[in-house]
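# Coordinates in review
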Amino acid sequence: MTSETLEIAADFVVVGGGSAGCVVATRLAEYGFETILISSGSNDTENPIMKLKSSYSQLYKSPQFKHYLVPEPSPNLNNRTINVTVWNTLGGSSVNDGGMERMMANDWNAFVQATSDESFNHQHMAKYYKMSESFTSTDPSFASEIHGHSGPIKVTKTHDTAFNKVWKNVAKEIGEVFSDDLAGSIDYGFSFEASSLTNDVRSWSGDAYLISAVARYSNLKVILDATVIKFDLNAETKRINQVIFVSSDGLHSAVARKEYILSAGAFYSPHLLMLSGIGDSHVLKQNKIAVRHELKQVGKNLMDNGAVVVKYLTTGSDTGLSAPVALVNTRLPTTNYNPNLFFLLHRNDKTKHLYAVIFNASPSSTIGSVSLYNSNPLVPPKINLNYLESEDDIKTFVDGIHYVRKVMSTNAMNEHMQATEISPGTEEIDLSMYVRNTLTASNHFIGTCSMGESAQNSVVNSRFKVHGISNLRVVDGSVFPAGFASKTGPLQTIYSLAEKAAHLLHEEYS
Ligand SMILES: Cc1cc2nc3c(=O)[nH]c(=O)nc-3n(C[C@H](O)[C@H](O)[C@H](O)COP(=O)(O)OP(=O)(O)OC[C@H]3O[C@@H](n4cnc5c(N)ncnc54)[C@H](O)[C@@H]3O)c2cc1C
């Protein structure tokens, strides 16, 4: 390093100012630790494109806020190249569609089974969900004691009297349960989604956690527009000495007196580990990277739900301000552990188009992996996407299309709005081909630094610690256990995991 390089130190260095990173850095500072957050994005929290739902479409047209990621062509999708999105801005991908769902109570058992750590049970994790949210409902009679009311993220459940009745009646006609709140004791069936968008304004970790904390805590330092390119790991002691990052004025380093927290998300967290010589030795050697710590599962077990859309042209009344969703099983009566389909309805008031977005809630196998093209840290990671490897997953989407058609043709729905299907359309076509031709990413990517008990089967332990390295933890969406898919959106769960990780560090170091 040259004499111009900046060298900074703190108790904790957090890498990645995304959804989880902003939560961890904020809480660590609040707990009194000197904390540095290094973010490749800039602070755009005052930009209406980030703040307002109505400006969201502009974000997609603004490449400067997006990481350049081009996955390999997907063999089961007729070799199409699927778009994946990771926002490069403070808060990362928490600048999203706003759906705020907790995991099903039973789903937390996957964490408990993978780790043998009971502190991941649903009851215990409920406290971290609560810590992150400030929940309100537009229905004053809504019982919300299971929700938090003083956390940073504003979460709103919008109640639309007319469509509420319709959706309840649709559930009844279909023979499904209606749940007032999927976060409550009935965590499946037809319901309405809570949102991080309230009256068009977004609440996300970059703004609600981090930026308000920067003004309050002098022990929190945020370095923007800086890309971490390597953890400098001592292969003998298995301790990270420093992180190296690059910004417009050159190469710099940061030292954590206590620990490093990696929060660069499901693509970049494994990428950065591999660039630092931590990963599958086979992959590292292929890319001429010296193996400093063998850890086979780094970058493996990528999971995503995938999404397929059924599109309608509608007349009559709309869905109001509410967000109708359903978490159901297409083959059996739905129970508290078996949903295989999540779908939501979204209507565009201007075009009168209604979109039923179908997600595969329980893919049969992982959908890909993250690896490297070469050892250049500024070259994006190699992403292999293998959606629909199992026929069962194609069947789930095809069943999902039939399920949505059944919903749209109920008397309750038809009395409220009349809908003509545009795509797949009313002509008889091969629906499995439709699924292969139109499936997109749902951007619920998780699993690439999976949590578990052993270094053979996972990357981090139940305390988020990278197996075998004494001062490095991963805290973001990548830590979901291998083979597990989030049945709905993962963001609220990622916030809860970040709250838990910060709490653990507080306990360990205070
Ligand atoms: C378009 C879209 C819509 C979505 N809609 C929903 C939804 O409605 N509901 C829901 O629950 N979930 C939704 N999701 C998924 C959810 O937003 C993500 O799962 C979640 O935000 C991921 O959080 P994270 O902390 O793991 O990663 P991120 O939020 O992606 O954070 C990673 C951060 O690390 C930074 N970074 C990466 N590499 C480096 C480096 N080398 N140096 C420094 N910084 C680095 C990135 O810039 C990024 O800010 C959506 C996602 C997208 C993309």
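If you check an unreviewed UniProt entry, the protein appears there as Glucose-methanol-choline oxidoreductase N-terminal domain-containing protein from Adineta ricciae. For the protein, the Sequence similarities (unreviewed entry) comment in UniProt is given as "Belongs to the GMC oxidoreductase family."

UniProt feature "domain: Glucose-methanol-choline oxidoreductase N-terminal" (unreviewed entry): in the numbering of this structure it lies at residues 265-279. Measuring from the first to the last C-alpha atom of residues 265-279 gives 16 Å, for a span that is 73% helix and 13% strand.

Moving on, we get to helix α1 (residues 19-30). Relative to the 16 Å expected for twelve residues at 1.5 Å per residue, α1 spans 17 Å between its end C-alpha atoms, a close match to the ideal helical length. Within α1, eleven of the twelve residues are buried, leaving the element largely enclosed by the surrounding structure. When we look at burial in α1, the residues that qualify are Ser19, Ala20, Gly21, Cys22, Val23, Val24, Ala25, Thr26, Arg27, Leu28 and Ala29. Those residues of α1 that are buried are in contact with β1 (7-15), β2 (35-38), α7 (205-216), β10 (220-223), β13 (250-262) and α13 (491-509).

The subject of this paragraph is the packing of α1 against α13. Contact geometry for α1 and α13: axes closest at 9 Å, N-to-C directions at 30 degrees. Between α1 and α13, the angle falls in the class roughly parallel. Handedness of the α1/α13 crossing: right-handed. Mapping the contact onto sequence places Ser19, Ala20, Val23, Val24, Arg27 and Leu28 in α1 and Leu491, Ile494, Tyr495, Leu497, Ala498, Glu499, Ala501, Ala502 and Leu505 in α13. Of the residues contributing to the contact of α1 with α13, the split by class is twelve nonpolar, one polar and two charged.

Calculation criteria
- Residues numbered from 1 in each chain as written.
- Predicted model: local features only at pLDDT ≥ 70, side-chain atom pairs only at ≥ 80, totals over all residues.
- UniProt positions renumbered as here; feature names shortened; annotations may be inferred.
- Helix = DSSP H or I, 4+ residues; strand = E, 2+ residues; numbered from the N terminus.
- Expected span 1.5 Å × (residues − 1).
- Buried ≥ 20, exposed ≤ 12 C-beta atoms within 10 Å, placed from the backbone.
- Contact = placed C-beta atoms within 7 Å.
- Axes fitted to C-alpha atoms, helices over the stretch in contact; angles between N-to-C directions.
- Parallel < 35°, antiparallel > 145°, perpendicular 65-115°, else oblique.
- Left-handed = near helix turned anticlockwise from the far one by under 90°.
- Nonpolar A, V, L, I, M, F, W, Y, C, P; charged D, E, K, R; others polar.

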